[in-house]
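# Report on the structure
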Amino acid sequence: MLRFNRIFIVMLLSAAAVFAGSFAGGSGTVADPYQIATADQFKAFAALVNSGKTSVSGILTKDIALNDTSNYDDWGADNPDNVWSPIGSATSPYQGVFDGNNHYVDGLFIDTTLTVSLAGGFADSSIGLFAQIGASGTVRNIKMRDAYVSISVVTDTAGVTDLNEMLFRTGVNGGIAVGKNSGIVKNITLISGKFHGVSGQFFRAGAIAGRNDGLLYNCVNYAEVYIRRNGNVWVDVGGIVGNDAGDVGDCLNYGNITSENTVGGIAGLLTKEGRLFN
C-alpha cells in the first residue's frame, strides 16, 4: 500500500509538472498565478482545473482568441472549430483566483445538449466559460467579445412519480461568463454575445451568471439572452443573473433579454436571500 501511495503521488506530481510546462510562467498560486498568453494555454488551464486541481490560480497576460470570429454572425448554422469545455463543475467547483487582467476573451463557443435525469433526486448542472465557482473562488477583470452559448435541456423522467416536485428540485444554471457562482465574480464585461436556450427543465439563465449564491458586482452586459421553455417548466432569466440568492451590485445591462417566465434587466428572480445594491 505504501508503494502504491508513493507511485500515485509521483503520478500526480508528474501530471502537475506537465501542466506547469503548458503556461507562459507562474506556479499556480495566488501570489504567483499561471500566466496565460494563448488559447492553448487557457485550454490547458481549464483541463488542469477539471482534472481536480480546482484551487490553482491564473492570470491572462494577453488577449485570447478561442476562435476565429470573422463569421460570427453565422454561428449556430456554420460553427467554429473549437468548442469550449467549461471550467469547474457541480462536484468540483473552481476554488482559485482567476484574473483576466482586463484582457479580452474572444470567440467563446458552447453548443450543447444536457439530458437531466430526474430519478436521482436533486441535481445541479451548469454551463459557461466557468461552469461553477466555489465559495473560495474568484473570477475577475475579464472582457468578452463575440461569445456564443447555445444550450438545449432535455428531461429524462423515467422512474419519477412526482414530476412537478422533481422538476423544481433539479435545475440547470447557464451563463456566458459563469453558470453558477458561490464565490466572487467582479469586473466582467460582455461587449458582444448571444446566449440562446430551450429548456424542458427548471432553468436559471443570465448573461453574466445563471445563478448567484455569492457576491457579483461591477459587471456590464451588452449580449443578448433568449431562452424559451419546452413544457410547463420555470425559467428565471436576467441580463446579469437569472436567479439571485446572494449579493449583486453596481451592474448594468444593455442587452436584449427575452423569455417566457420571470425576466429582469438585472435579475430574473430575486430570492428572499438575494440582495441588489449599488
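Just above sits the structure.
The following refers to the structure shown. (Residues numbered from 1 in each chain as written. Predicted model: local features only at pLDDT ≥ 70, side-chain atom pairs only at ≥ 80, totals over all residues. Heavy atoms only, no water.)

### What to know about the side chain of Asp244
If you trace the backbone, Asp244 turns up in strand 20 (residues 241-244). Although Asp244 lies buried, it forms no salt bridge, and the closest oppositely charged side chain, Arg211, sits 7.4 Å away as judged by the N-O distance. Within the structure, the side chain of Asp244 is placed 3.0 Å from the backbone nitrogen of Gly246, a separation counted as a polar contact. Side-chain polar atoms of Asp244 contact the backbone nitrogen of Arg275, separated by 3.4 Å. (Helix = DSSP H or I, 4+ residues; strand = E, 2+ residues; numbered from the N terminus. Buried < 20%, exposed > 50% of the residue type's maximum accessible area, 1.4 Å probe, protein only. Lys, Arg positive; Asp, Glu negative; His and termini not counted. Salt bridge = Lys/Arg side-chain N within 4 Å of Asp/Glu carboxyl O. Polar contact = N/O pair within 3.5 Å; in protein donor to acceptor, adjacent residues only side chain to side chain.)

### Description of the environment of Leu60
Within the secondary structure, Leu60 sits in strand 2 (residues 58-60). Between the alpha carbons of Leu60 and Pro33 there is a distance of 9.5 Å; along the sequence they are 27 residues apart. Contact partners of Leu60, with chain neighbours within four places excluded, come to Ile36, Phe98, Asp99, Gly100, Asn101, His103 and Val105. (Contact = heavy atoms within 4.5 Å.)

### Observations regarding helix 2 (residues 39-50)
If you check helix 2, its first and last C-alpha atoms are 16 Å apart, about what 12 residues at 1.5 Å a residue would give, namely 16 Å. Among the residues of helix 2, those classed as buried are Ala39, Gln41, Phe42, Ala44, Phe45, Ala46, Leu48 and Val49. Two residues or fewer after helix 2 comes Gly52, characterised by a positive phi angle close to 125°. (Expected span 1.5 Å × (residues − 1).)

### Thoughts on the nonpolar core
Nonpolar side chains in soluble globular proteins tend to be buried together. In this structure, Phe42, Phe45, Phe98, Leu108, Phe130 and Met144 are the most contacted members of the largest nonpolar core, which totals 59 residues. Among the elements that make up this core, the one with the highest residue count is helix 2 (seven residues). Non-local contacts of Phe45, meaning those with residues more than four positions away in its chain, are made with Phe23, Tyr34, Ile36, Val56, Ser57, Gly58, Ile87, Tyr94 and Phe98. (Core = buried A, V, L, I, M, F, W, Y, C linked by side-chain atoms within 4.5 Å.)

### Quick notes on the pattern of salt bridges
A complete count under the given rule lists five salt bridges for this structure. Linking Arg145 and Asp106 is a salt bridge whose minimum nitrogen-to-oxygen distance equals 2.9 Å. A residue pair is termed long-range when its members are at least 10 positions apart, and Arg145 in strand 8 (residues 138-145) and Asp106 in strand 4 (residues 97-106) qualify at 39 residues. The exposure class assigned to Arg145 is partly exposed, which follows from its relative accessible area of 28%.

### What about a nonpolar patch on the surface?
A contiguous nonpolar surface patch, about 330 Å² in accessible area, is contributed by Tyr222, Leu252 and Tyr254. The topology assignment puts Tyr222 in the loop between strand 17 (220-221) and strand 18 (224-229). What makes Tyr222 partly exposed here is its relative accessible area of 44%. (Patch = residues over 30% accessible without salt bridge, like charges linked within 9 Å, V, L, I, M, F, W, Y side chains within 5 Å. Areas by Shrake-Rupley, 256 points an atom, 1.4 Å probe, with all protein chains shown as cover.)

### Brief notes about the environment of Val178
Note on placement: Val178 falls in strand 11 (residues 178-181). Counting along the chain gives 31 residues from Val178 to Ala209, while the straight-line C-alpha distance between them is 4.6 Å.

### Digging into the packing of aromatic side chains
All told, the structure shown has 13 aromatic pairs when counted by the stated rule. A centroid spacing of 4.3 Å and a plane angle of 25° characterise the contact between Phe23 and Tyr34, whose relative ring orientation is stacked. Here Tyr34 lies in strand 1 (residues 34-36) and Phe23 lies in the loop between helix 1 (2-20) and strand 1, a separation of 11 residues in the sequence. Comparing Phe23 with Tyr34, the two get one shared label, buried. Judged by centre distance (5.5 Å) and plane angle (50°), the ring pair of Tyr94 and Phe130 falls under tilted. Of this pair, Tyr94 sits in the loop between strand 3 (64-65) and strand 4 while Phe130 sits in strand 7 (residues 130-133); the two residues are 36 residues apart in sequence, bridging distant segments of the chain. Its relative accessible area of 0% is what places Phe130 among the buried residues. Among the aromatic side chains, those forming a connected cluster through ring pairs are Phe23, Tyr34, Phe42, Phe45, Trp84, Tyr94, Phe98 and Phe130. Lying over the aromatic face of Tyr104, Arg145 brings its terminal NZ or CZ to 3.7 Å of the ring centre. Across from the ring centre of Tyr72, 5.2 Å away, lies the NZ or CZ of Lys194, which sits over that ring. (Phe/Tyr/Trp six-rings, centres within 6.5 Å; stacked < 30°, edge-to-face > 60°. Lys NZ or Arg CZ within 6 Å of the ring centre and 35° of its normal.)

### Side note on the sheet that holds strand 11
What the five strands build is an open sheet, ordered 7-11-15-20-25; its pairing is parallel. Each end of this open sheet is capped by a strand with a single partner; those strands are strand 7 and strand 25 (267-270). Strand-to-strand twist across the sheet, computed as the mean angle between neighbouring axes with direction ignored, equals 5°. (Pairing = 2+ DSSP bridges. Axes fitted to C-alpha atoms, helices over the stretch in contact; angles between N-to-C directions.)

### Focus: unusual backbone geometry
Phi is mostly negative for residues that are not glycine, and the peptide bonds are mostly trans. In the Ramachandran plot, Asn101 falls in the positive-phi region, its phi being about 60° despite a non-glycine side chain. On the secondary structure map, Asn101 appears in strand 4. You can call Asn101 partly exposed: its relative accessible area is 35%. For Asn102, which is not glycine, the phi torsion reads 60° and is therefore positive. For Asn102, the location among the structural elements is in strand 4.

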